Amino acid sequence: MARHAEETPAAGRLMTGAEIFVRSLVAEKVEVLFGYPGGATIGVYDALHDISDIKHVLTRHEQGATHAAEGYAKATGKPGVVLATSGPGATNTVTGIADAFMDSIPLVVFTGQVPLRLIGNDAFQEADIVGITRPVTKHNYLVRDVRELARTIKEAFFIATSGRPGPVLVDLPKDVMAQKAYFDYPESVALPTYAPILDGNIRQIRKAAELINSSRRPVLYVGGGTILSDGAGELTALARKLRCPVTTTLHGLGSFPEHDPLALGMLGMHGTWYSNMAVNFCDVLIAVGARFDDRVTGKTEAFAAEAKKIHIDVDPAAISKNVKVDVPIVGDVKRVLAALIDLVQPLETADWLTTIGAWKEEHPLRYRNGEEIRAQYVIQKLGEITGGDAIVVTDVGQHQMWAAQFFNFSRPRTHITSGGLGTMGFSLPAAMGAVFGRRDLPVISISGDGGFQMNSQEMATIVEHRLPVKIFVINNGFLGMVRQWQELFWRRRYSQVALANPDFVKLAEAYGCPASRVTRTAGVEEAIRAAMAHAEGPVFVEFVVAPEDNVYPMIPAGQTVNEMIDTPDPATQAGNGEARIEKVEKGKARKVSVHAAVPGHA
Ligand SMILES: Cc1ncc(C[n+]2csc(CCOP(=O)(O)OP(=O)(O)O)c2C)c(N)n1
Ligand SMILES: [Mg+2]
């Protein structure tokens, strides 16, 4: 393979770097590019001017562009692509890049750079974006020679989308993009030091099958890797064959239908009571495309302490990183599950499922409705009205956890959120990006009153493109999740968590978006139905909810299932501020002591 296209002029046409860039994106079948122009990318934007194969979406902030690309990637499984200028344009992409890195989202981010000879000179709008993003990218490049450009782009897309996906950044100096070379887009990449393992080692898979076949109290602990590998079908088939209960992480939601009797919902800090109990008392834990995040494990030494652990993950670095496992299997989740399923038998789990059933009955997710709106009710109604046939994009905070608990996700790629980095301001631009990739399902953005204001400028982009996003703001007047921690663990000393908010309805209307506000429970259902029926373009609804509500159950950070705080008795949960914590002050949480209730437990 010719390394420099220029050496084989017969292979292609002489073009500028900017033209090569555009042609390479066309060769990668990029449909949509989220970006914002500037001095360092003006030549690239000139080349884009005549191209109709790629839709460029002018966001209103480069952070909006990166989150939009993440939403697009999560909803479609294709890489999200971003173009930003040098300096502040590039640094504005960093949060989105870090977010994509934490959540294994394939992104290719292109940034303009000052001309090569000025690099290091503190030139106007210079930032060492390759240095800045090194720890938060899967790989990054500074293109120093126009003859390297096409090959670099080819590699960037390959690295972003293969193995454990992630963000790749390509920095494009202005002069390089003006130089000329013969364009010949490579057909394959040659990266001898990078070769993800996709097929699991068969000896390890057999070991896992043996362990599973001897289990009486198995639990499948399922993470986002299952969805990324398109392995939800195999996972569901495995669970049903084994009669094994399934708990999912925040990113695993949607990989197993929540209405299935084997479904335990989410585990971890705000997971269901019964999923955390099941993990605590299981004898074999089968971790599938999950990474033992601290929001899942709490105190790692105590996490599933009695279980033998099997871990299936495409990223060898994720194995035994946080929790030591007994049977690691490095490989693509879909392929490994397909191999595993033939080697296991249906298990005798009837007693185990009975025990779990009793926990479900005694400790369900619950809240009590009053006149004042509970956010849980909004989410539950939304789940009922859509029948789960919607892509729900949440922000970060209490509403995010309630969405995870009460929507009942049942299909892969219908739940999009910022999990690893926990980036407020994610939802609105990510929902916008999802709409560019998916028109088969309605897309709903759910934000808190705090997070909505972190990227509300993207309302302009959404309205400009008449994107059918349902924009829901859950307004509790607080940075609710931080307020909850202050209430429970900092003696209710509320420090900088009350929000003085704008009139959200007027704000949405100022952007040209139809908007309404709901303040009473009785109005919720109608408002949701009207929003879902809204035919063209975006629609905005503000739900004014109970200001001091809390997310339960809760395992305080770094603690164990013994410290789990269950939902207070609904009788005291009027949802109007008088509810809450009396029963759950730290240290008074109900202790878990159910060893006797677990069959086969010593
Ligand atoms: C960019 C960013 N800054 C700060 C935080 C810390 N944080 C986590 S949740 C939260 C409160 C979010 O408030 P809101 O958006 O109103 O959602 P609510 O919890 O009230 O539902 C904050 C400040 C964060 N996650 N992201
Ligand atoms: Mg709030």
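Scroll up for the structure.
Everything numeric in this text was worked out from a predicted model, so none of it was measured.

A. Fine view of the overall build of the protein chain. When helices and strands are tallied, the protein chain shows 23 helices and 20 strands. Against the globule reference of 25 Å for 602 residues, the protein chain gives a C-alpha radius of gyration of 25 Å, in line with a compact fold. Taken along the three principal axes of its C-alpha coordinates, the protein chain extends 75 × 60 × 45 Å. When contacts within the protein chain are restricted to residue pairs at least 6 apart in sequence, those whose partners lie at least 24 apart make up 77%. With the model as given, the accessible surface of the protein chain reaches about 23,500 Å², and the carbon-plus-sulfur share is 51%. Side-chain charges in the protein chain split into 60 positive and 66 negative, and the spacing between the mean points of these groups amounts to 3 Å.

B. Structural context of the coordination of the magnesium ion (ligand 2). The coordination sphere of the magnesium ion (ligand 2), as far as protein atoms go, consists of Asp 449 (OD), Asn 476 (OD1) and Phe 478 (O), spread over 2.1 Å. Spacing between the donor residues of the magnesium ion (ligand 2) along the chain follows D-x26-N-x1-F. By relative accessible area, Asn 476 is classed as buried at 10%. The buried category is assigned to Phe 478, whose relative accessible area is 14%.

C. Geometry of the side chain of Asp 260. Inspection of the secondary structure assignment puts Asp 260 in the loop between strand E10 (246–248) and strand E11 (263–266). A polar contact of 2.7 Å, which involves the side chain of Asp 260, links it to the side chain of Arg 240.

D. Expanded view of the state of the cysteines. Inspection of every chain in the model, using the stated rule, returns zero disulfides. This cysteine, Cys 282, is not joined by any disulfide, and Cys 244 carries the nearest cysteine sulfur, 8.7 Å off. Cys 282 sits in the buried class, given a relative accessible area of 0%.

E. View of the site of ligand 1. Contacts to ligand 1 come from 17 residues, most closely from Gln 398, Gly 422, Asp 449, Gly 451 and Gly 480. In the environment of ligand 1, an oxygen atom lies 2.7 Å from a nitrogen or oxygen atom belonging to the backbone of Gly 451. Asn 476 is positioned with one of its side-chain polar atoms (N or O) 2.9 Å from an oxygen atom of ligand 1. Out of a free accessible area of 580 Å², ligand 1 has 77% covered by protein chains. Those elements giving two or more residues to the shell around ligand 1 turn out to be helix H17 (398–406), helix H19 (449–452) and helix H21 (480–489). Here the residues of the shell around ligand 1 are counted per class, giving seven nonpolar, nine polar and one charged.

F. Quick peek at the packing of aromatic side chains. Following the criterion strictly, the structure yields 17 aromatic pairs and no others. Consider the rings of Phe 158 and Tyr 194, whose centres lie 6.0 Å apart with planes at 90°: the pair is edge-to-face. Taken as a pair, Phe 158 in helix H7 (residues 149–161) and Tyr 194 in the loop between strand E8 (180–182) and helix H9 (202–213) lie far apart in primary sequence, 36 residues in all. We classify Phe 158 as partly exposed; its relative accessible area is 31%. Assessed through its relative accessible area of 22%, Tyr 194 is described here as partly exposed. Site record: aromatic cluster; members linked through ring pairs are Phe 34, Tyr 72 and Phe 436. A cation over an aromatic ring shows up here: Arg 483 above the ring of Phe 478, its NZ or CZ 5.6 Å from the ring centre.

G. The arrangement of the environment of Asp 145 in detail. With respect to the helices and strands, the residue Asp 145 is situated in the loop between strand E6 (139–142) and H7. With 366 residues separating them in the primary sequence, Asp 145 and Tyr 511 have C-alpha atoms 43 Å apart. One polar contact links Asp 145 to Arg 147, side chain to side chain, over a distance of 2.6 Å.

H. Region of interest: helix H3 (residues 62–76). Taking 1.5 Å as the rise per residue, H3 with 15 residues should run 21 Å; its terminal C-alpha atoms sit 21 Å apart, in good agreement. Taking burial as the measure, the 15 residues of H3 include 14 buried ones, the bulk of the element.

I. View of the environment of Gly 450. Relative to the helices and strands, Gly 450 is located in helix H19. Taking relative accessible area as the criterion, Gly 450 reaches 11% and is therefore assigned buried. Considering only alpha carbons, one finds Gly 450 and Phe 478, 28 residues apart in sequence, at a separation of 7.2 Å. Excluding its chain neighbours within four sequence positions, the residues that come into contact with Gly 450 are Met 424, Leu 479 and Leu 499.

J. Representation of the sheet that holds strand E5 (residues 107–113) within the structure. Strand order in the open sheet formed by six strands is E3-E2-E4-E5-E7-E6, with parallel pairing between adjacent strands. Where the open sheet ends on each side, the last strands, each with one partner, are strand E3 (55–58) and E6. Taken over all neighbouring pairs, the strand axes of this sheet differ in orientation by 20° on average, direction set aside.

K. Region of interest: the packing of H9 against helix H14 (residues 333–341). At a closest axis distance of 10 Å, the pairing of H9 and H14 adopts a crossing angle of 55°. Between H9 and H14, the angle is such that the two are oblique. Relative to H14, the crossing made by H9 is right-handed. Of the residues in H14, those in contact with Ile 205, Ala 208, Ala 209 and Ile 212 of H9 are Val 336, Ala 339 and Leu 340. Looking at side-chain class alone, the contact of H9 with H14 contains seven nonpolar, no polar and no charged residues.

L. Structural view of the packing of H3 against helix H5 (residues 94–102). Across the interface, H3 lies against H5 with an axial gap of 7 Å and an inter-helix angle of 25°. Judged on the interaxial angle alone, H5 and H3 are roughly parallel. Contacts between H3 and H5 involve Gln 63, Thr 66, His 67 and Glu 70 on the former and, on the latter, Thr 95, Gly 96, Ile 97, Asp 99 and Ala 100. Taken together, the residues of the contact of H3 with H5 sort by class into two nonpolar, five polar and two charged.

M. Representation of the sheet that holds strand E14 (residues 327–330) in the model. Strand order in this open sheet of six strands is E11-E10-E9-E12-E13-E14, and the pairing throughout is parallel. Each edge of the sheet is formed by a strand with only one pairing partner; in this case those strands are E11 and E14. Adjacent strand axes in the sheet meet at a mean angle of 15°, parallel and antiparallel pairs treated alike. This element, H14, spans strand E12 (284–288), strand E13 (308–313) and E14 of the sheet and lies at about 130° to E13.

How each quantity is defined
- Residues numbered from 1 in each chain as written.
- Chains lettered and ligands numbered in written order.
- Predicted model: local features only at pLDDT ≥ 70, side-chain atom pairs only at ≥ 80, totals over all residues.
- Heavy atoms only, no water.
- Helix = DSSP H or I, 4+ residues; strand = E, 2+ residues; numbered from the N terminus.
- Rg over C-alpha atoms; globule rule 2.2 N^0.38 Å.
- Contact = heavy atoms within 4.5 Å.
- Areas by Shrake-Rupley, 256 points an atom, 1.4 Å probe, with all protein chains shown as cover.
- Lys, Arg positive; Asp, Glu negative; His and termini not counted.
- Charge placed at Lys NZ, Arg CZ, Asp CG, Glu CD.
- Donors = N, O, S within 2.8 Å, 3.2 Å for Na, K, Ca; no water.
- Buried < 20%, exposed > 50% of the residue type's maximum accessible area, 1.4 Å probe, protein only.
- Polar contact = N/O pair within 3.5 Å; in protein donor to acceptor, adjacent residues only side chain to side chain.
- Disulfide = S-S within 2.5 Å.
- Near = heavy atom within 4 Å.
- Nonpolar A, V, L, I, M, F, W, Y, C, P; charged D, E, K, R; others polar.
- Phe/Tyr/Trp six-rings, centres within 6.5 Å; stacked < 30°, edge-to-face > 60°.
- Lys NZ or Arg CZ within 6 Å of the ring centre and 35° of its normal.
- Expected span 1.5 Å × (residues − 1).
- Pairing = 2+ DSSP bridges.
- Axes fitted to C-alpha atoms, helices over the stretch in contact; angles between N-to-C directions.
- Parallel < 35°, antiparallel > 145°, perpendicular 65-115°, else oblique.
- Left-handed = near helix turned anticlockwise from the far one by under 90°.

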